[in-house]
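This is what each chain is made of:
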Amino acid sequence: MLGSNMLQAKKNALIMTAIVGIDSGSKPKPGEISLAHHGVLFLDELPEFSRNVLEVLRQPLETGNIHLARASHERHYPARFQLVAAMNPCPCGHLGDPRQRCQCTASQIQRYQARLSGPLLDRIDLQVEVPALPPEQLTAQTQGESSEAVRERVMAARERQMARGALNSQLSGKALEAACDLNDEERAWLAGVLEKLKLSARAYHRVLRVALTLADLQGAPKPAQPHLIEAIGYRQLDRMLKGA
């Protein structure tokens, strides 16, 4: 058992080094979160990473850089990346699947889902369940929206954001509040939802950013209640883990 624990600890240390970077002597090397700067970092089977590895993502997701402190010196690496992650709902992967019964116990599911801390979830704007498709949908030849059409809509939304002076992700809290310009009724409704879901102040601003982006994609001057409802609807893990 001791040997197994030591091997797991060594594996976790190697993964941590690969994610964060190497800062030894005169040859520092950036890790994956810096190599993904201005790009996408994809982490599959997210809960399978150790808690320490997951928690180290919090700083770069918040500030766009990673700070490594050593006894003799400090290093700062850029790390403004788009995090995309995937996970199963439970260890066996069948929780909620109508075609296959989940074999996990309640405690196993709880331990598995608890590997994602509240502060980390706060920093993940879109948390969406993707159910398994039935065979008839997999084999159907339905034509979806073209990438070109999506690109045009995204570029138009981006232009609206730049007209405000910055992308929505880069707006200060004050500028974000001004851009959303919620009325008293919308604020009261949103406050009630935040209280029910027990969302943090950080999650509140994340909801506003998503709602503002949804409004931009639709060409609306500012977010309305339907945009806020949709933005909150994307925080499925928050609701699931808090029983809301």
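Residues numbered from 1 in each chain as written. Predicted model: local features only at pLDDT ≥ 70, side-chain atom pairs only at ≥ 80, totals over all residues. Heavy atoms only, no water.

**Here's the deal with the environment of Gln-110**
Item 1. Tracing the chain through its elements places Gln-110 in helix H5 (residues 106–113).
Item 2. According to the relative accessible area criterion, Gln-110 is exposed, its value standing at 57%.
Item 3. Sequence-wise, Gln-110 and Ile-229 are 119 residues apart; in three dimensions their C-alpha atoms are separated by 27 Å. (Helix = DSSP H or I, 4+ residues; strand = E, 2+ residues; numbered from the N terminus. Buried < 20%, exposed > 50% of the residue type's maximum accessible area, 1.4 Å probe, protein only.)

**What about a nonpolar patch on the surface?**
Item 1. On the surface, Val-40, Phe-42 and Val-84 cluster together into a nonpolar patch covering about 280 Å² of accessible area.
Item 2. For Val-40, a relative accessible area of 57% corresponds to the exposed category. (Patch = residues over 30% accessible without salt bridge, like charges linked within 9 Å, V, L, I, M, F, W, Y side chains within 5 Å. Areas by Shrake-Rupley, 256 points an atom, 1.4 Å probe, with all protein chains shown as cover. Salt bridge = Lys/Arg side-chain N within 4 Å of Asp/Glu carboxyl O.)

**Looking at helix H10 (residues 184–197)**
Item 1. For H10, spanning 14 residues, the distance from its first C-alpha to its last is 20 Å, which sits close to the expected 20 Å at 1.5 Å a residue.
Item 2. Taken as a whole, H10 has its buried residues at Glu-186, Leu-190, Val-193, Leu-194 and Leu-197. Down the axis of H10, the sector holding all buried residues measures 100 degrees, keeping them to one side. Of the exposed residues in H10, those oriented more than 90 degrees away from the buried face are Asp-184, Glu-185, Ala-188, Glu-195 and Lys-196.
Item 3. The distance from a side-chain oxygen at the start of H10 to the backbone nitrogen of Glu-185 is 3.1 Å, and the residue carrying that oxygen is Asn-183.
Item 4. Once H10 ends, the next one or two residues include Lys-198, with phi positive near 55 degrees. (Expected span 1.5 Å × (residues − 1). Arc of directions from axis to C-beta. Polar contact = N/O pair within 3.5 Å; in protein donor to acceptor, adjacent residues only side chain to side chain.)

**Remarks on the pattern of salt bridges**
Once the charged atoms of two side chains with opposite charge are near each other, the side chains can pair.
Item 1. Considering all chains together, one arrives at twelve salt bridges under this definition.
Item 2. Residue Asp-125 is joined to Arg-206 by a salt bridge in which the shortest nitrogen-to-oxygen separation is 3.1 Å. Of the two residues, Asp-125 sits in the loop between helix H6 (118–122) and helix H7 (135–139) while Arg-206 sits in helix H11 (residues 201–218), which places them 81 residues apart along the sequence.
Item 3. Across the salt bridge formed by Arg-164 and Asp-216, the nearest N and O atoms sit 2.5 Å from each other. Placement of Arg-164 in helix H8 (residues 147–164) and of Asp-216 in helix H11 is noted, with a sequence separation of 52 residues between them.
Item 4. Residue classification places Arg-164 among the partly exposed residues on the basis of a relative accessible area of 31%.

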